[in-house]
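# Fold and contact review
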Amino acid sequence: MGFWEFAYMTESSRNAVSVEGAQLIDGKAMAAQMTDDIRQQVEKLVEQGHELPGLAVVLVGNDPASEVYVKNKAIQTHRAGMKSFMHMMPESTSQEELLTLIDELNANPKVNGILVQLPLPAQIDPIVVTNAIKPEKDVDGLGEVNTGRLALGMKNGIVPCTPLGCLKLLQSVHKDMTGLHAVVVGASNLVGKPMAQLLLKENCTVSVAHIHTRNIEEITRQADILVVATGKAELVKANWVKPGATVIDVGITRLKTAEGKSRLVGDVDFEAVRHVAGYITPVPGGVGPMTIACLLHNTFQAARSEVNLSE
Ligand code: GUN
């Protein structure tokens, strides 16, 4: 069988397709299905006489990767039948100016979700900014209220999109994660910390490894579930991975090739690790599309909660 000619697997691994060695978890297909489902739910909401859900995305500066990400978010928001409001601000924007925009978006009834793309320029404190977003519009789930709700295991919080996407990918191949050893590599507020909370909620034994961790391969080799979010291209090698483990690769880096072209790679050395892992996500087509699908999910849920509150 050719590398990209996949045979669909059993019920328990519906989104996993066979790669040599590991089964590939197809985030692109799962995200497309989620977006379709959200679109149908949006149509129902509108048929009931409610406003279209709206998502505001704010980009400060001209980081090329962030420009691509926010453009994709807008395209997928339209695909899900929702309204997209884009706010592009110059690199020189002050924190006060950004907070003024957030106040306006918080007060705008057409906006159900607000996302400020990270990273922000050095003059702006990302924690001050994410905390300024009303918790019920914080569809990134990064503010202190939603972070606290996740840590307390409360059901009414909004969960950050990338870890939520990773969880859904894991759930597509693991019915029950109870007792599994999950190792998260990377301890960021955006991915590593909330991911660890979600895995704890799944009854995993959770380890968080990071840049200061000693003998990191010894820890990652114990993982039944390995989630890698470091931003270091192809950091995780085959000898870091326990045979049969499920590997979720959050990283995405554009590398220049010898022929002067470029290719996208993750934080995992895919070509080597696919011979060892049981399941693995590809880059691209794994976590990336699921992050956006979960953003649409969080925005739709925020809109629906508002409808329920007003009824
Ligand atoms: N930058 C990279 N990923 C994300 C994300 O999920 N949310 C925000 N706000 N910024 C990001």
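Residues numbered from 1 in each chain as written. Predicted model: local features only at pLDDT ≥ 70, side-chain atom pairs only at ≥ 80, totals over all residues. Heavy atoms only, no water.

Now for the packing of helix α2 (residues 64-79) against helix α10 (residues 287-310). The contact between α2 and α10 brings their axes to 10 Å, and the two run at 55 degrees. Between α2 and α10, the angle is such that the two are oblique. Both α2 and α10 take part in a crossing whose hand is right-handed. The segment α2 lies against α10, with Asn 72, Lys 73, Gln 76 and Thr 77 engaging Ile 292, Leu 295 and Leu 296. Here the contact of α2 with α10 is composed, by residue class, of 3 nonpolar, 3 polar and 1 charged. (Axes fitted to C-alpha atoms, helices over the stretch in contact; angles between N-to-C directions. Helix = DSSP H or I, 4+ residues; strand = E, 2+ residues; numbered from the N terminus. Parallel < 35°, antiparallel > 145°, perpendicular 65-115°, else oblique. Left-handed = near helix turned anticlockwise from the far one by under 90°. Contact = heavy atoms within 4.5 Å. Nonpolar A, V, L, I, M, F, W, Y, C, P; charged D, E, K, R; others polar.)

Here Leu 235 lies in the loop between β8 (225-228) and β9 (246-249). Overall, the relative accessible area of 26% leaves Leu 235 in the partly exposed class. Sequence spacing of Leu 235 and Gly 266 is 31 residues, and the spatial spacing of their C-alpha atoms is 8.5 Å. Once you skip the residues sitting within four places of it in the chain, Leu 235 turns out to touch Thr 230, Trp 240 and Asp 267. (Buried < 20%, exposed > 50% of the residue type's maximum accessible area, 1.4 Å probe, protein only.)

It is at 8 Å that the axes of helix α6 (residues 161-171) and α10 come closest, and there the two elements cross at 110 degrees. In terms of orientation, α6 and α10 fall into the roughly perpendicular class. Where α6 crosses over α10, the handedness of that crossing is right-handed. When α6 is examined against α10, the residues Cys 161, Thr 162, Leu 164, Gly 165, Cys 166, Lys 168 and Leu 169 are found in contact with a partner set consisting of Val 287, Met 290, Thr 291, Cys 294, Leu 295, His 297 and Asn 298. Here the residues of the contact of α6 with α10 are counted per class, giving 8 nonpolar, 5 polar and 1 charged.

The share of residues in the protein chain with pLDDT of 70 or more is 94%, and the mean pLDDT across the chain is 94. Per-residue pLDDT stays below 50 along residues 1-13; that stretch engages in 25 contacts with residues further than four places along the chain or on separate chains. (pLDDT = per-residue confidence, 0-100.)

Another aspect to go through is the site of the ligand. The local shell around the ligand consists of Leu 115, Val 116, Gln 117, Leu 118, Asp 140, Thr 162 and Leu 190. The separation between a nitrogen atom of the ligand and a polar side-chain atom of Asp 140 is 2.5 Å. Taken by itself the ligand offers 280 Å² of open surface, and the protein chains cover 84% of this. A breakdown of the residues in the shell around the ligand according to their chemical character gives 4 nonpolar, 2 polar and 1 charged. (Near = heavy atom within 4 Å. Polar contact = N/O pair within 3.5 Å; in protein donor to acceptor, adjacent residues only side chain to side chain. Areas by Shrake-Rupley, 256 points an atom, 1.4 Å probe, with all protein chains shown as cover.)

Moving on, we get to the pattern of salt bridges. In the structure shown here, the tally under the stated rule is 5 salt bridges. A salt bridge links Asp 269 to Lys 237, with the shortest nitrogen-to-oxygen separation between them at 3.7 Å. Taken together, the positions of Asp 269 in the loop between β11 (262-265) and α9 (270-273) and Lys 237 in the loop between β8 and β9 put the pair 32 residues apart, joining distant regions of the chain. The class for Asp 269 is buried, based on a relative accessible area of 18%. Judged by relative accessible area, which is 35%, Lys 237 ranks as partly exposed. Residues Glu 271 and Arg 274 are paired through a salt bridge, measuring 3.0 Å at the closest nitrogen-oxygen approach. The class for Glu 271 is partly exposed, based on a relative accessible area of 46%. (Salt bridge = Lys/Arg side-chain N within 4 Å of Asp/Glu carboxyl O.)

Spanning 21 residues, helix α1 (residues 27-47) covers 30 Å between terminal C-alpha atoms, matching the ideal 30 Å at 1.5 Å per step. Every buried residue belonging to α1 is among Gly 27, Met 30, Ala 31, Met 34, Thr 35, Ile 38, Val 42 and Leu 45, and all of these are buried. The buried residues of α1 occupy an angular sector of 135 degrees when projected down its axis, which confines them to one face. The outward face of α1, more than 90 degrees from its buried face, is lined by the exposed residues Lys 44 and Glu 47. (Expected span 1.5 Å × (residues − 1). Arc of directions from axis to C-beta.)

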